[in-house]
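As a plain string of letters, each chain reads:
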Amino acid sequence: TEKTYEWAYPLTPRTVTDCIIIHHAAVSVATPDQIHAAHLANGWSGIAYHYYVRKDGTIYRGRPENMIGAHTHDENYHTIGICFEGNFSEETMSDTQLASGQWLIADIKTRYPGIDIKKHKDFAATGCPGDNFPFDEMTGEYNMTGEEIYAKMNEYLATLSAPDWAKEELAKAVAAGITDGTAPMIMIPRYQAALMAYRASLK
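Report follows, based on the coordinates. Throughout this description, residue numbers start from 1 for each chain and increase along the sequence as written. Totals for whole chains, interfaces and linings use all residues, but because this is a predicted model, local features are given only for residues with pLDDT of at least 70 and pairs of side-chain atoms are given and counted only at 80 or more. To get the side-chain values, take all heavy atoms of the structure and skip hydrogens and water.

1. Re the packing of aromatic side chains
In step 1: Each aromatic pair joins two rings of Phe, Tyr and Trp (for Trp, the six-membered one) with centres within 6.5 Å, and gets the label stacked for planes under 30 degrees apart, edge-to-face for over 60, and tilted for any other angle. Applying the stated rule across the entire model yields three aromatic pairs.
In step 2: Ring geometry for Tyr 5 against Trp 7: centres 5.4 Å apart, planes inclined by 45°, an arrangement best described as tilted.
In step 3: With 5.8 Å between their ring centres and 80° between their planes, Phe 88 and Phe 133 make a pair best called edge-to-face. In this pair, Phe 88 is assigned in the loop between strand S4 (79-84) and helix H2 (95-111) and Phe 133 in the loop between strand S5 (116-119) and helix H3 (135-138), connecting sequence segments 45 residues apart. Accessibility assignment for this pair places Phe 88 and Phe 133 in one class, buried.
In step 4: Ring-pair connections join several aromatic residues into one group, and the members of that group are Phe 84, Phe 88 and Phe 133.
In step 5: Above the plane of the ring of Phe 135 lies Lys 119, whose end atom (NZ or CZ) is 5.0 Å from the centre. A run of H or I in DSSP becomes a helix once it reaches four residues, and a run of E becomes a strand once it reaches two; helices and strands are each numbered from the N terminus. With a 1.4 Å probe rolled over the protein chains alone, any residue whose accessible area is under 20% of its type maximum counts as buried; one over 50% counts as exposed, and the rest are partly exposed. Think of it as a cone above the ring: NZ of Lys or CZ of Arg counts as a charge over the ring if it is within 6 Å of the ring centre and within 35 degrees of the ring normal.

Here you go:
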């Protein structure tokens, strides 16, 4: 999910990318906007991470992927920071959030083949991302391709119904021929989203 942030200072492009660093939010619930506000309060440009993965599996962009982050001291110049909502020193990760993280890492690997993946605590005196964080599963211990992860996640999401607050609008979209309404929770490629938006513009 793309978000627009108001940056306190201009961001700096990164010229080297050879590592992904994994973090947890260290709190059970936090929105991207709350993370952004907290990092602004630290005197930073804004949200320190490039991606933020919420418990429901939604992936939010933080800083643009090609910009320097502020997530790991002395290591930001060459790394991409991914943060997962939750405190994995105390809780465990859902299959949905895990699948989203696996898909995101596989997607980044298509742009940076051979990129290394580390934990925040590999570089600093911290417990981040927590002893319960499923690092081996998250980082491809099972050698799943991005396509396999995408299919696995959509297999699960296809079992879910639309949230109650969206059902009325979904029914209207089905009646208007914008979508057929099946599997409303699965991920779709951008071209499908564009087609639905175009159909809606014709109504």
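2. Things to note about the side chain of Ser 45
In step 1: The topology assignment puts Ser 45 in the loop between helix H1 (32-41) and strand S2 (51-53).
In step 2: Exposure remark for Ser 45: the relative accessible area of 11% places this residue in the buried category.
In step 3: Contact partners of Ser 45, with chain neighbours within four places excluded, come to Glu 6, Trp 7, Ala 8, Tyr 9, Pro 10, Leu 11, His 36, Leu 40 and Arg 63. Two residues qualify as a contact provided that any one of their heavy atoms is within 4.5 Å of a heavy atom in the partner residue.

3. Observations regarding the pairing of S4
In step 1: Burial within S4 is extensive, with six of its six residues counted as buried.
In step 2: Burial of S4 is two-sided: the residues Thr 79, Gly 81 and Cys 83 facing one way and the residues Ile 80, Ile 82 and Phe 84 facing the other way are all buried.
In step 3: Alignment of strand S1 (residues 19-24) against S4, held across six bridges, turns out to be parallel. Directly across from His 24, in S4, lies its bridge partner Phe 84. Between any two strands, pairing holds if DSSP finds at least two bridges.

4. Re the nonpolar core
It is characteristic of soluble globular proteins that their nonpolar side chains tend to be buried jointly.
In step 1: To form a nonpolar core, buried Ala, Val, Leu, Ile, Met, Phe, Trp, Tyr and Cys residues must be joined to one another through side-chain atoms within 4.5 Å. By size, the foremost hydrophobic cluster in this structure holds 19 residues, and its most contacted members are Ile 20, Ile 22, Ile 82, Phe 84, Ile 108 and Phe 133.
In step 2: Of all the elements in the fold, those that place two or more residues in this core are S1, S2, S4, H2 and H3.
In step 3: The next biggest cluster of nonpolar side chains, apart from the first, holds nine residues, and it includes Tyr 5, Ala 25, Ile 35 and Tyr 60.

5. Some thoughts on the environment of His 78
In step 1: Within the secondary structure, His 78 is located in the loop between strand S3 (59-61) and S4.
In step 2: When neighbours within four sequence positions are excluded, His 78 is seen to be in contact with Arg 14, Val 16, Thr 17, Asp 18 and Cys 19.
In step 3: For this analysis, a polar contact is any N or O atom pair within 3.5 Å, provided that within protein one partner can donate a hydrogen and the other can accept it, and provided that sequence-adjacent residues contribute only side-chain to side-chain pairs. Here Asp 18 takes part through its side chain, which lies 2.5 Å from a polar atom of the side chain of His 78.

6. Considerations on unusual backbone geometry
In step 1: Between Cys 128 and Pro 129 the backbone carries a cis peptide bond, its omega angle lying at 10°.
In step 2: Relative to the elements of secondary structure, Pro 129 occurs in the loop between S5 and H3.
In step 3: A positive phi angle is found at Ala 183, which is not glycine, with a value near 45°.
In step 4: Among the structural elements, Ala 183 can be located in the loop between helix H5 (164-175) and helix H6 (190-202).

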